[in-house]
Each structure stands twice: as structure tokens, then as C-alpha cells.
Amino acid sequence: YHNTVVGYCALGCSTGASWNTVMGHQAMINNVCECNTVMGYQAMINSVTGICNTAVGMYALRNGTEGDQNVAVGVMAGYGLTGQSNTYVGTCSGQFATSAGCNTALGRSSLRFTSTGDCNVAVGYCALGAAPEVHCTVAVGWCAGAKINSSTGNSGVHIGAFAAQNLTTGQC
């Protein structure tokens, strides 16, 4: 109850969902979520228990079955996210994130493949884009830290276009 809904099947099969603002074709269709703001085609469509999320864009936070206090803005931003307290802004930003937490990504494909990493900041096109499990790392710039993984680049700071893009050994 106390929902504002616009769009074909938006909030369609939901029971018990409350205090949500939903706009878009099939947006937030199957859930019992609370306090979410959702706008876009199939945005948060499979979220079951998410609380206090913002999803804007086609498929934003689409397949995350849970996850709280996340912001995803852009086509497929945070697509499968179940983690908490993440901010993904940009097309495909955080697309393959699952249980990732406390990440901030700004730019197309930033933190795209970081599935379980946490406490990262990625700013720029593809920044930390292929890093599957990086932790506590900052990358600012075009493709900065693009190929870092959990065994090679935790707790690093990489600034500039292509900074640490091909880092393969040692922590920074």
C-alpha cells in the first residue's frame, strides 16, 4: 500500500509491497519491497526483498533478488546486484555485481565485472571494469585499473588514463 505506480504491469504481481514509486513497463513486477524508487523497462523486475533502492534505466537492478540502499542509474546498471550500499551510475556500471558492497562507480562499464568486491571507487569509462573481486581500490581515469583482480590490486590508488590497466603482480 502507499505505492505510486505508472506503467503496464508495473508492480503487477507484488503483494505486500509498500511506499514505492514505480514507473515503467514491468518495473518491479514480483516483490514485497519497500521504499524504492524505480523507473525504467523491467527495472528491479526480480527484486524480492530490496529496501530503499533507486533504480533508473532499462534493466537497472533487474535481477537482484535482494539488496538494500543501492543506487543504479543507467541501462543494466547493477543488473544482478544483491549487495548493499552501492552506487552505480552509467550504462553497464556494476552490471555483473552480485554480493558487492559499498562500491561507488561512475562511468560506462565501471566496476562492470566486480561481482563480489567491496569498498571500491571507480570513476571513468571502464575504470576497474574487468576486476572480478577487487577490494578497497580507487581508480580514476579512462580504463584505470581495468584488468586488476583480487590477487593483484587490492588497496591501490590508480589515477590517470590507463593507470595500472595491465597490473598483473603485487599489491599497490
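Above this text you will find the structure in question.
Rules used throughout
Residue numbers restart at each chain and count upward from 1, following the sequence in its written direction. The predicted origin of the model limits local features to residues at a pLDDT of at least 70 and limits the giving and counting of side-chain atom pairs to 80 or more, whereas totals for whole chains, interfaces and linings rest on all residues. Each side-chain value is derived from all of the structure's non-hydrogen atoms; neither hydrogens nor water enter the calculation. Each helix is a run of H or I in the DSSP string that is no shorter than four residues. Each strand is a run of E no shorter than two, and both are numbered from the N terminus. Each residue is assigned to one of three classes by its accessible area relative to the maximum for its type, calculated with a 1.4 Å probe on protein chains only: buried under 20%, partly exposed between the two thresholds, exposed over 50%. Note on contacts: a residue pair qualifies if any of its non-hydrogen atoms lie within 4.5 Å across the two residues. Residues with no salt bridge and a relative accessible area higher than 30% make up the patches, which join like charges within 9 Å and nonpolar side chains (Val, Leu, Ile, Met, Phe, Trp, Tyr) within 5 Å. Working definition of accessibility: Shrake-Rupley area with a 1.4 Å probe, residue cover restricted to the visible protein chains. Definition used for salt bridges: Asp or Glu carboxyl oxygen within 4 Å of a side-chain nitrogen of Lys or Arg. Points on a 1 Å grid over protein atoms alone make up a cavity when a 1.4 Å probe fits among them but cannot get out, and a pocket when they form an open set with protein on both sides within 12 Å along at least five of seven lines; lining residues each have an atom within 4 Å of a point. Grid points are joined across faces, edges and corners, and a volume is the space filled by probe spheres set on the points. Residues are grouped as follows: Ala, Val, Leu, Ile, Met, Phe, Trp, Tyr, Cys and Pro are nonpolar; Asp, Glu, Lys and Arg are charged; every other residue, Gly included, is polar. Polar contact criterion, stated in full: a pair of N or O atoms within 3.5 Å, where within protein one must be able to donate a hydrogen and the other to accept it, and residues adjacent in sequence count only if both atoms are side-chain atoms. Note: two strands are recorded as paired if DSSP finds a minimum of 2 bridges between them. Structural elements are reduced to axes, namely lines fitted to C-alpha atoms, with helices fitted over the stretch in contact, and the angle between N-to-C directions of any two is expressed from 0 to 180 degrees.

Could you give me a rundown of the environment of F113, with the residues and numbers involved?
Tracing the chain through its elements places F113 in the loop between β7 (104-106) and β8 (121-123). Residue class for F113 comes out partly exposed when judged on its relative accessible area of 39%. The spacing of F113 and S14 is 99 residues in sequence and 30 Å in space, taken between C-alpha atoms. The residues touching F113, leaving out its near neighbours within four places in the chain, are F96, G129, A130, A131 and P132.

Got a sec to walk through a nonpolar patch on the surface? Specific residues and values, please.
Residues L106, V121, V123, V140, V157 and I159 make up a contiguous nonpolar surface patch of roughly 480 Å² in combined accessible area. Elements with a contribution of two residues or more to the nonpolar patch: β8 and β10 (157-159). Topologically, V123 is positioned in strand β8.

Before we move on, can you summarise unusual backbone geometry with the specific residues and values?
Negative phi values dominate among residues other than glycine, just as trans dominates among peptide bonds. The phi dihedral of C126 is positive, around 65°, even though this residue is not glycine. Turning to its location among the elements, C126 is positioned in the loop between β8 and β9 (138-140). Phi angles above zero are rare outside glycine, and S155 is one such case at about 60°. Positionally, S155 belongs in the loop between β9 and β10.

Explain empty space enclosed by the protein to me, and be specific about the residues and the numbers.
In this structure the tally under the stated criterion is one cavity of 30 Å³ or more. Considered as a void within the structure, the largest cavity measures approximately 50 Å³ in volume. Considered class by class, the residues forming the lining of the largest cavity number three nonpolar, five polar and one charged.

Tell me about the side chain of S110, and name the residues and values.
Tracing the backbone through its elements, the reader meets S110 in the loop between β7 and β8. Polar contacts involving the side chain of S110 include one to the main-chain carbonyl oxygen of G107, which spans 2.7 Å.

Describe the sheet that holds strand β3 (residues 37-39), listing the residues and the values that go with them.
Each strand in a sheet pairs with another by means of backbone hydrogen bonds, the pair being arranged parallel or else antiparallel. If you trace the ten strands from one edge of the open sheet to the other, you get β1-β2-β3-β4-β5-β6-β7-β8-β9-β10, paired in parallel fashion. The open sheet is flanked by β1 (4-6) and β10, the only strands paired with a single partner. Averaged over all pairs of adjacent strands, the angle between their axes in this sheet comes to 5°, without regard to strand direction. Sheet topology note: the β1/strand β2 (residues 21-23) ladder contains three bridges and is parallel. Following the sheet pairing, V5 is matched in β2 by V22.

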